[in-house]
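What follows is each chain in one-letter form.
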Amino acid sequence: MGFNCGIVGLPNVGKSTLFNALTATAAAQAENFPFCTIDPNIGRVSVPDPRLENLAEIASSQKTIPAQMEFVDIAGLVKGASKGEGLGNQFLANIRETDAILYVLRCFEDGNITHVEGSVDPLRDADIIETELMLADLESLEKRIPAMEKKMRGGDKKTARQLELMHRILAVLQEGKPARKAEWIADEAEDVRQLQLLTTKPVLYICNVSESDAASGNPWTEKVAVMAAEKGADSVVICAAIESEIAQLDTEEEKREFLAEIGLDEPGLNKVIRAGYALLDLITFFTVGPKEARAWTVKRNAKAPQAAGVIHTDFEKGFIRAETIAGDVYLALGGEQKAKDAGKMRQEGKDYVVQDGDVMHFRFNV
């Protein structure tokens, strides 16, 4: 099961530097000119979760396998992207394939790095991105609605429902609001997803600051935080240049010492990864044994058979039950056997909703 976040922004805001640090590679070029990134770079990163190490220690697991997320570094966007300006069409096609969008906003001054708009203004930059995505969605619906209207003449009720939904979302876009501001019921969620609109995707704002502002932010990041809250979103402050340096250090001890020197408790990238995980409404369950302790990812409110299917499709097809211990109970009591002895292992059936941190063992028959 893949989950990915597209990293977007205007040219020269630090997207590729952030991506390089996230993936600890130099796969993405990071140069001082627009459209340096042409094809989207894709990297998988581990989701930091101290629970996994603690579980592995208790179970004496030989290895640990963390949950994974995918990040996609997408070419810089400029005004007019929705009309094909710059690498607009390619940009929009790439972002359409992602599950969520991370807006990287430049919140630092540097005379050596040009800004495509001529000055630093993260709120303006965010508005440019959002506007271009809304214009692309508007054009997409306006092109598709006439064909749907023709199809509806045959009296197909499903088409009629889809067309009504499209008109509802179109009205919101015409008001200058993103498609996510439209209202739809749970039964319409799949129809919305199939429309592949850019502004229905959840958004996280990443404020890229100078090294001196990495620990406390600055007036620009404060403005972004207010804007994000007004939009029902979140923001994270990082210094991509610092994160790039941390990624090049060889040992965890060196990284801790470096962070301590600059007044940070952890890499900013950990915050980005966790925020992306939350943005996609994901939770983690664990399988723990002597060979390995492993973190698995499912959507919130997933049921036990779906979780089993993440491990192997046969587990879901032949699902019988899930032997489940709450993660905090497993840690507090000191392992599976002690949890069993205390009567804390539960036998859960097909309707059980998986909880974040559950330690699970699936029984199945195929």
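This text gives an overview of the structure that appears in the document. Along each chain, numbering runs from 1 in the same order as the chain's sequence is written. Predicted model: local features are reported for residues with pLDDT of at least 70 only, side-chain atom pairs are reported and counted for 80 or more only, and whole-chain, interface and lining totals are derived from all residues. Based on all heavy atoms of the structure, the side-chain values leave hydrogens and waters out of the count.

Time to look at the overall build of the protein. Helix and strand content of the protein: 14 helices and 12 strands. Burial classes follow relative accessibility: with a 1.4 Å probe on protein chains only, a residue under 20% of its type's maximum area counts as buried, one over 50% as exposed, and anything between as partly exposed. Looking at the protein residue by residue over its 366 residues, the buried ones come to 48%. Sequence-distant contacts in the protein: of pairs separated by 6 or more residues, those separated by 24 or more amount to 68%. To be clear on the numbers: accessible area is Shrake-Rupley with a 1.4 Å probe, and residue cover counts the displayed protein chains and nothing else. Here the protein displays about 18,000 Å² of accessible surface, and carbon together with sulfur accounts for 48% of that area. Numbering of helices and strands runs from the N terminus, with a helix taken as a DSSP run of H or I at least four residues long and a strand as a DSSP run of E at least two residues long. In this analysis, two residues are considered to be in contact whenever any of their non-hydrogen atoms come within 4.5 Å of each other.

A word on a positive patch on the surface. Together, Lys 151, Lys 157, Lys 158 and Arg 161 make up a positively charged patch on the protein surface. For Lys 158, the location among the structural elements is in helix 5 (residues 157–174). Like charges are joined within 9 Å and nonpolar side chains (Val, Leu, Ile, Met, Phe, Trp, Tyr) within 5 Å, but only among residues with over 30% relative accessible area and no salt bridge; these make up the patches. By definition, a salt bridge exists where a carboxyl oxygen of Asp or Glu is found within 4 Å of a side-chain nitrogen of Lys or Arg. His is not counted here, nor are the chain ends, while Lys and Arg score as positive and Asp and Glu score as negative. Charge positions come from single atoms, namely NZ of Lys, CZ of Arg, CG of Asp or CD of Glu.

Two faces belong to every sheet, and in a regular strand the side chains alternate between them. A large share of strand 8 (residues 282–288) lies buried, amounting to 7 of its 7 residues. Here strand 8 runs beside strand 9 (residues 292–299); their pairing, made up of 7 bridges, is antiparallel. Paired with Phe 285 across the strands is Trp 296, a residue of strand 9. Paired strands are those between which DSSP finds at least two bridges. Between the end of strand 8 and the start of strand 9, which pair antiparallel, lie 3 residues.

What follows covers a negative patch on the surface. Judged by side-chain charge, Asp 250, Glu 253, Glu 254, Glu 257 and Glu 261 come together as a negatively charged surface patch. Relative to the helices and strands, Glu 254 is located in helix 9 (residues 252–261).

It is worth spelling out the environment of Glu 139 at this point. Tracing the backbone shows Glu 139 in helix 4 (residues 122–152). Looking at Glu 139, the relative accessible area reads 27%, which means it is partly exposed. The spacing of Glu 139 and Leu 170 is 31 residues in sequence and 9.5 Å in space, taken between C-alpha atoms.

Our focus in this paragraph is the sheet that holds strand 7 (residues 234–238). Overall, mixed pairing links the 6 strands, which are arranged 2-4-1-5-6-7 in an open sheet. Two strands bound the open sheet, and with one partner strand each, they are strand 2 (41–46) and strand 7. The mean inter-strand angle of the sheet, taken between neighbouring strand axes irrespective of direction, is 25°. Axis definition: a line fit to C-alpha positions, over the contact stretch in the case of helices; interaxial angles, taken between N-to-C directions, run 0 to 180 degrees. With respect to the sheet, helix 10 (residues 268–279) is in contact with strand 1 (4–8), strand 2, strand 4 (68–73), strand 5 (100–106), strand 6 (203–208) and strand 7, its orientation differing from that of strand 6 by roughly 170°.

As a further point, take the nonpolar core. Formed by 71 residues in total, the largest nonpolar core has its most connected members in Leu 18, Phe 71, Tyr 103 and Tyr 205. Among the elements that take part in this core, strand 5 stands out by supplying 6 residues, more than any other. Sequence-distant contacts of Phe 71, that is, excluding residues within four places in its chain, are made with Cys 5, Ile 7, Phe 19, Leu 22, Asn 41, Ile 42, Gly 43, Val 45, Leu 102, Val 272 and Ile 273. Take the buried Ala, Val, Leu, Ile, Met, Phe, Trp, Tyr and Cys residues and link them wherever side-chain atoms come within 4.5 Å; each set so joined is a nonpolar core. Within the second largest apolar cluster, 17 residues are counted, among which are Met 134, Met 148, Val 172 and Leu 173.

By secondary structure assignment, the location of Glu 97 is in the loop between helix 3 (88–96) and strand 5. Look past the residues within four positions of Glu 97 in its chain and what remains in contact with it is Asn 4 and Gln 196.

Let us look at empty space enclosed by the protein. The rule is simple: put a 1 Å grid over the protein atoms alone, call a set of points where a 1.4 Å probe fits but cannot get out a cavity, call an open set with protein on both sides within 12 Å along at least five of seven lines a pocket, and count a residue as lining if it has an atom within 4 Å of a point. Grid points are joined across faces, edges and corners, and a volume is the space filled by probe spheres set on the points. Tallied over the entire structure, the rule returns 1 cavity of 30 Å³ or more. A volume near 70 Å³ is recorded for the largest cavity. Ala 214, Val 237, Ile 238, Cys 239, Ile 242, Glu 243, Leu 264, Glu 266, Pro 267, Gly 268 and Lys 271 are the residues that line the largest cavity. Residues are grouped as follows: nonpolar covers Ala, Val, Leu, Ile, Met, Phe, Trp, Tyr, Cys and Pro; charged covers Asp, Glu, Lys and Arg; every other residue, Gly included, is treated as polar. Its residues placed into classes, the lining of the largest cavity shows 7 nonpolar, 1 polar and 3 charged.

Let us look at helix 7 (residues 219–230). Compared with an ideal rise of 1.5 Å per residue, which puts 12 residues at 16 Å, helix 7 spans 17 Å between its outermost C-alpha atoms and is within 8% of the ideal. Residues of helix 7 that are buried include every one of Thr 221, Val 224, Met 227 and Ala 228, and no others. Viewed along the axis of helix 7, the buried residues span an arc of 120°, placing them on a single side of the element. Among the exposed residues of helix 7, those pointing more than 90 degrees away from its buried face are Pro 219, Glu 222, Lys 223, Ala 229 and Glu 230. Expected helix span is computed as 1.5 Å times (number of residues minus one). The arc in question is traced by the directions running from the helix axis to the C-beta atoms.

The next subject is the pattern of salt bridges. Overall, the coordinates contain 18 salt bridges when judged by the stated rule. Ionic pairing is found between Asp 49 and Arg 51, a salt bridge with its closest N-O pair at 2.8 Å. Of the residues examined, Asp 49 reaches a relative accessible area of 19% and is grouped as buried. Notably, a salt bridge pairs Glu 252 with Lys 255, separated by 3.8 Å at the nearest N-O pair. One end of the pair, Glu 252, and the other, Lys 255, are both in helix 9, 3 residues apart, so they sit about a helical turn from each other. By relative accessible area, which is 51% here, Glu 252 ends up exposed.

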